Amino acid sequence: MSLEELCGLKAFLKTTNWSNSMRQISEHDFQEITSNFNNPYRLMAPVPGTPDLTNASLKIDHGTTALGFVYQGGIVLCADSRSSSGINVTTQTMDKIVPVSSQIVGTLAGGSADCTYWYRVLARESRLHELRYKRPMSVDAAAKMICHVSEMHRGTGLNMGMLLAGYSPKGPSLVYVDSDGVNISGKRFSVGSGASNALGILDPMYRFDLTDEEAFDLALQSLCQATLCDASTGGMVVLHHVGPAAHRIVRKVDCMELHKKYSLDARNFS
Amino acid sequence: METLLGIKGPDFVMLAADTTHARSIIVMKEDQNKIHKASDNLLISTTGESGDTEQFTEFISKNIALYKMRNGYDLSPRAAAHFTRKNLADYLRSRTPYQGLHVCRWVCFRIHQRYDETDGAELAFIDYLANAKSLNHAGHGYGAMFCSSIYDRYWHPNITQDEAYDIFKKCIVEIQKRLVVNLKNFNVSVVDKNGVRNLEPISAQSLTDYNASS
């Protein structure tokens, strides 16, 4: 099959002829392959053994900067919207901050396909949780779910990093989870290829008692710096605010506008 | 890069663990507690691949809790260490594409310790190759390389909790002086016949006027 060749799958897919094996596919096999329709946690089993994805010429979409921090007025999440595949920019309008439920917002970083799939599973599960138990899923529970997924798919090339933000009766919580099974809660995180650039601005200027406007400004400034220094970060910068009652998009700005604003600021400052 | 330290005394075991959580070159969190309370008188501190350590520690502590529920009494200290070791050994030799292989490969240098009413204190040193050894003092990670000499010099069989805490201070002073990685804070916990207690964390700040030679 041409797609198989294009992806370089032949090198590690030991099946002799895919089209032949397709013909022999039984009802049972078919159900196995599409098992994720019935149970989202089940994906078709990967190639026996651990597939070595380093030899596959798969270009997985990645390159992002997303940041989030907790301050007195809630949680701020900020991310760019560029999605790139190798050296190519695939889209400039990808939504990387997505609502998981009415209480939880997440940011996506890493392989777009992985992130999108597992985000949808998470959204579905949290909705079902709400219907079953008549209370929203907590951020920790959502994080644990992603953590288990990561653990289930260790070594299969799963690649994602998420920030989950939300409010519980105990207060705001911000959790970082990724495909290594890491699950840490904290006050201030940045994920993606431009993370170190964003942290350079965010860390020294962060205070817990920022006002709303100061917090938004700080998030935009940090992300603006990341779009300058990191090639795979850019496009529209989206700023989300998660408050005790609801979450909302505060601003959606083209990073060019931010460059104009903040580089001028920088010049005045010096 | 992470460091765990442990000292066994006649009737207690004290553990120290740094609180830095790093991913590649970025420090993600500066107050991560790596000393987990597995039961009323059992502490587990773990270091290694962060996802694995968390998953594995949770697996072990939940199983220890399950054992108590089923039998009405706690797993003995040696049994808990053996259970942990057996799991690591099984993972090490498994070929299952999921948890098995991966959990074992990277996980868990770990110190595993508890205080038991009948057997007294026990400090088990367990690593990812499924070595398990009962020791008087132990350490994991790069930081521990500087500590063995300090343990040898200052540890004695009748050591008190204050002395053990002081040994940790000496170790941490040395780690912060000589180790290329910045490990600012260390959490300290102790388990004795009264159960588990968290002691004052040892940080660069708290050590400013500490004289290690005294």
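An unreviewed UniProt entry annotates chain B as Proteasome subunit beta of Drosophila persimilis.

Chain A is annotated in an unreviewed UniProt entry as Proteasome subunit beta from Drosophila persimilis.

Turning next to the overall build of chain B. The helix and strand inventory of chain B stands at 5 helices and 12 strands. When burial is assessed residue by residue, chain B has 51% of its 214 residues classed as buried. Summarising the internal contacts of chain B: among those between residues at least 6 apart in sequence, 61% fall at separations of at least 24.

Core analysis: the largest hydrophobic core is formed by 45 residues, its most contacted members being Leu67, Phe69, Val76, Cys78, Tyr176 and Leu220 of chain A. If one sorts the elements of this core by residue count, helix 7 (residues 212-229) of chain A sits on top with 8 residues. Within the second largest apolar cluster, 26 residues are counted, among which are Met14, Tyr151, Ile159 and Val188 of chain B.

Turning our eyes to something else, we now look at the sheet that holds strand 2 (residues 12-18) of chain B. All names here are of chain B. Pairing within the open sheet is antiparallel, and its 5 strands lie in the order 10-1-2-11-12. Unpaired on one side and paired on the other, strand 10 (137-140) and strand 12 (195-203) mark the two borders of the sheet. Pairwise comparison of adjacent strand axes, ignoring direction, gives a mean angle of 15° for this sheet. Here 5 bridges tie strand 1 (residues 4-8) to strand 2, and the two strands are oriented antiparallel to one another. What sits directly across from lysine 8, in strand 2, is valine 13. Taken strand by strand, helix 5 (residues 161-178) contacts strand 1, strand 2, strand 11 (185-192) and strand 12, and its axis lies near 35° from that of strand 12.

Backbone-to-backbone hydrogen bonds join strands into a sheet, with any given pair of strands oriented parallel or antiparallel. Residues and elements named next belong to chain A. The strand order across the open sheet built from 5 strands is 10-1-2-11-12, with neighbouring strands paired in antiparallel fashion. Each having just a single partner strand, strand 10 (188-191) and strand 12 (247-254) make up the two edges of the open sheet. When the angles between neighbouring strand axes are averaged without regard to direction, this sheet yields 15°. Note: strand 2 (residues 74-79) against strand 11 (residues 236-242), 5 bridges, orientation antiparallel. Each residue of the ladder has a partner; that of alanine 79, found in strand 11, is valine 238. Helix-sheet contacts for helix 6 (residues 195-205) involve strand 1 (66-71) and strand 10, and the interaxial angle to strand 10 is about 155°. Across the sheet, helix 7 touches strand 1, strand 2, strand 11 and strand 12, and the angle it forms with strand 1 is around 160°.

The axes of two packed helices give the description: the angle between them and the distance between them. All names here are of chain A. Where helix 6 contacts helix 7, the axes come no closer than 7 Å and their chain directions differ by 155°. By the angle between their directions, the pair helix 6 and helix 7 is classed as roughly antiparallel. Note that helix 6 runs across helix 7; the crossing there is right-handed. Contacts between helix 6 and helix 7 pair Asn197, Ala198, Ile201, Leu202 and Met205 from the former with Leu218, Gln221, Ser222, Gln225, Ala226 and Cys229 from the latter. Taken together, the residues that form the contact of helix 6 with helix 7 break down as 7 nonpolar, 4 polar and no charged.

Let's shift gears to the domain arrangement of chain A. Residues and elements named next belong to chain A. Annotation of chain A at the domain level lists domain 1 (2-55) and domain 2 (65-269). On inspection of domain 1 and its partner domain 2, the count reaches 0 salt bridges. Our enumeration of links across domain 1 and domain 2 arrives at 1 residue pair in polar contact (both at pLDDT 80 or more).

Residue and element names in this part refer to chain B. Taking 1.5 Å per residue as the helical rise, helix 5 with its 18 residues ought to reach 26 Å, and the 26 Å between its terminal C-alpha atoms agrees with that figure. Within helix 5 the residues assigned to the buried category are Ala164, Tyr165, Ile167, Phe168, Lys170, Cys171, Ile172 and Ile175. Considering only its buried residues, helix 5 is in contact with strand 1, strand 2, helix 4 (148-154), strand 11 and strand 12.

Residue and element names in this part refer to chain A. In this structure, valine 242 sits in strand 11. Here valine 242 falls in the buried class, since its relative accessible area comes to 1%. Considered as a pair, valine 242 and tyrosine 167 are 75 residues apart in the sequence and their alpha carbons are 7.7 Å apart. Discounting chain neighbours no more than four positions away, the residues touching valine 242 are Gly73, Gly74, Ile75, Gln103, Val105, Ala165, Gly166, Tyr167 and His247.

This part takes up the environment of aspartate 40 of chain B. All names here are of chain B. As for its placement among the helices and strands, aspartate 40 is situated in the loop between strand 5 (35-39) and strand 6 (42-47). Classification of aspartate 40 by relative accessible area gives partly exposed; the value is 48%. Remark: the alpha-carbon pair of aspartate 40 and isoleucine 64, spanning 24 residues in sequence, is separated by 11 Å.

The next point concerns the pairing of strand 1 of chain A. Residues and elements named next belong to chain A. Burial within strand 1 is extensive, with 6 of its 6 residues counted as buried. Burial along strand 1 is two-sided: the residues Ala66, Gly68 and Val70 and Leu67, Phe69 and Tyr71 are all buried. The pairing of strand 1 with strand 2 spans 6 bridges and is classified as antiparallel. Paired with glycine 68 across the two strands is leucine 77, which belongs to strand 2. The turn linking strand 1 back onto strand 2 is made up of 2 residues.

Take the pattern of salt bridges next. All told, the structure shown has 21 salt bridges over all chains when counted by the stated rule. A salt bridge links glutamate 58 of chain B to lysine 144 of chain A; the nearest nitrogen and oxygen atoms lie 3.2 Å apart. With glutamate 58 of chain B in helix 1 (residues 50-71) and lysine 144 of chain A in helix 5 (residues 139-152), this pair bridges two chains. Judged by its relative accessible area of 30%, glutamate 58 of chain B falls in the partly exposed class. Lysine 144 of chain A sits in the buried class, given a relative accessible area of 19%. For arginine 23 of chain B, the salt bridge is made with aspartate 178 of chain A, and the minimal N-O distance between the two is 2.9 Å.

Procedures and definitions
- Residues numbered from 1 in each chain as written.
- Chains lettered and ligands numbered in written order.
- Predicted model: local features only at pLDDT ≥ 70, side-chain atom pairs only at ≥ 80, totals over all residues.
- Heavy atoms only, no water.
- Helix = DSSP H or I, 4+ residues; strand = E, 2+ residues; numbered from the N terminus.
- Buried < 20%, exposed > 50% of the residue type's maximum accessible area, 1.4 Å probe, protein only.
- Contact = heavy atoms within 4.5 Å.
- Core = buried A, V, L, I, M, F, W, Y, C linked by side-chain atoms within 4.5 Å.
- Pairing = 2+ DSSP bridges.
- Axes fitted to C-alpha atoms, helices over the stretch in contact; angles between N-to-C directions.
- Parallel < 35°, antiparallel > 145°, perpendicular 65-115°, else oblique.
- Left-handed = near helix turned anticlockwise from the far one by under 90°.
- Nonpolar A, V, L, I, M, F, W, Y, C, P; charged D, E, K, R; others polar.
- Domains from an automatic or database assignment.
- Salt bridge = Lys/Arg side-chain N within 4 Å of Asp/Glu carboxyl O.
- Polar contact = N/O pair within 3.5 Å; in protein donor to acceptor, adjacent residues only side chain to side chain.
- Expected span 1.5 Å × (residues − 1).

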